[in-house]
Amino acid sequence: MVKYKEDYYRLYHVTYHQTTDDCIENIYWLEKAVRADFCNPLYAEAKIENEEQWEKYRYLFQMHLNLKLIEQHNRLARLYDKRCIYFYDSPWKEEYTSNLQKAKSCYEAGLYYWKEAKIWSEKASEGKFRFLFITELRNWEDENYRISEGELDYEKILTRELSRVNKELEELAALPDQPKLP
């Protein structure tokens, strides 16, 4: 039975070639995980020995889930993103505009999850956790460190992508209307 964060997180998977359905499925499972309760510390993703570890584990888990949601929204956005507008794109102007709007909404959703990830990272970086390191979750600890040191900044990446998509939407709007090609 799937009931806890850890259960939903185990349903999340990344394949070599991800389609839109794969991304949407992963987003669904990750969002369910964000809203679910934590399981008993006995069944956590790492060995938990005390209440302080349990508290940091929960903060790191929430941060990690939000980072994975950002990654999945970025992957989904890339599937819709045109990346470059050419003069001969005008017959497909409506379709490209629709796809770019979808990409834009994915990047905007990523910004929301980035704010959440930063909040959880700040909680996991509090002074009382300074010398507490959960070794089984090294990659989560590394993500937390990179966020706190400013090395990992999805806001910069997402705002750059949003400004590029807005520019592409303007270029599409400026294209002359042409009849559909056969």
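Located above this text is the structure these notes cover.
Nothing here was measured: the structure is a model prediction, and the numbers come from that model. (Residues numbered from 1 in each chain as written. Predicted model: local features only at pLDDT ≥ 70, side-chain atom pairs only at ≥ 80, totals over all residues. Heavy atoms only, no water.)

## Considering the environment of alanine 46
Turning to step 1, where the next piece is worked out: Looking at the secondary structure, you find alanine 46 in the loop between helix H2 (20–35) and helix H3 (51–80).
Turning to step 2, where the next piece is worked out: On the accessibility criterion, alanine 46 (6% relative accessible area) is buried.
Turning to step 3, where the next piece is worked out: Spatially, the C-alpha atoms of alanine 46 and glutamate 116 are 22 Å apart, while their sequence positions differ by 70 residues.
Turning to step 4, where the next piece is worked out: Sequence-distant contacts of alanine 46, defined by excluding residues within four places in its chain, comprise Pro41, Tyr57, Ile134, Glu136 and Leu137. (Helix = DSSP H or I, 4+ residues; strand = E, 2+ residues; numbered from the N terminus. Buried < 20%, exposed > 50% of the residue type's maximum accessible area, 1.4 Å probe, protein only. Contact = heavy atoms within 4.5 Å.)

## Quick word on the packing of H2 against H3
Geometrically, a packed helix pair is captured by the angle between its two axes and the distance between the axes.
Turning to step 1, where the next piece is worked out: Taken N-terminus to C-terminus, the directions of H2 and H3 make an angle of 160 degrees; their axes are 9 Å apart at the nearest point. By the angle class used here, H2 and H3 are roughly antiparallel. Crossing angle aside, the handedness with which H2 passes H3 is left-handed. Only Gln62, Leu65, Lys68, Leu69, Gln72, His73, Arg75, Leu76, Leu79 and Tyr80 of H3 make contact with H2, whose side of the interface consists of Thr20, Asp22, Cys23, Ile24, Asn26, Ile27, Leu30, Glu31, Ala33 and Val34.
Turning to step 2, where the next piece is worked out: Looking at the contact of H2 with H3 residue by residue, the class counts come to 11 nonpolar, five polar and four charged. (Axes fitted to C-alpha atoms, helices over the stretch in contact; angles between N-to-C directions. Parallel < 35°, antiparallel > 145°, perpendicular 65-115°, else oblique. Left-handed = near helix turned anticlockwise from the far one by under 90°. Nonpolar A, V, L, I, M, F, W, Y, C, P; charged D, E, K, R; others polar.)

## Overview of the pattern of salt bridges
Turning to step 1, where the next piece is worked out: All chains considered together, the criterion is met by 13 salt bridges.
Turning to step 2, where the next piece is worked out: We note a salt bridge from glutamate 45 to arginine 10, for which the minimum N-O separation is 2.9 Å. Of this pair, glutamate 45 sits in the loop between H2 and H3 while arginine 10 sits in helix H1 (residues 5–11), placing them 35 residues apart in sequence.
Turning to step 3, where the next piece is worked out: The exposure class of glutamate 45 is partly exposed, given its relative accessible area of 26%.
Turning to step 4, where the next piece is worked out: A salt bridge links glutamate 161 to arginine 164, with the shortest nitrogen-to-oxygen separation between them at 2.4 Å. Of this pair, glutamate 161 and arginine 164 both sit in helix H6 (residues 154–174), three residues apart, which is roughly one turn of that helix.
Turning to step 5, where the next piece is worked out: According to the relative accessible area criterion, glutamate 161 is buried, its value standing at 10%. (Salt bridge = Lys/Arg side-chain N within 4 Å of Asp/Glu carboxyl O.)

## Points about a nonpolar patch on the surface
Turning to step 1, where the next piece is worked out: A surface patch of nonpolar side chains, amounting to about 380 Å² of accessible area, comprises Tyr86, Phe87 and Tyr88.
Turning to step 2, where the next piece is worked out: Mapped onto the elements of the fold, phenylalanine 87 is located in the loop between H3 and helix H4 (93–124).
Turning to step 3, where the next piece is worked out: With relative accessibility at 68%, the residue phenylalanine 87 sits in the exposed group. (Patch = residues over 30% accessible without salt bridge, like charges linked within 9 Å, V, L, I, M, F, W, Y side chains within 5 Å. Areas by Shrake-Rupley, 256 points an atom, 1.4 Å probe, with all protein chains shown as cover.)

## Some words on the nonpolar core
Turning to step 1, where the next piece is worked out: Ranked by size, the top nonpolar core spans 48 residues in total, and within it Tyr57 and Leu67 carry the most contacts.
Turning to step 2, where the next piece is worked out: Top contributing element to this core by residue count: H3, with 12 residues.
Turning to step 3, where the next piece is worked out: When neighbours within four sequence positions are excluded, leucine 67 is seen to be in contact with Trp114, Ala117, Glu143, Ile147, Leu152 and Tyr154. (Core = buried A, V, L, I, M, F, W, Y, C linked by side-chain atoms within 4.5 Å.)

Without other data, these values stay purely geometric and don't point to any function.
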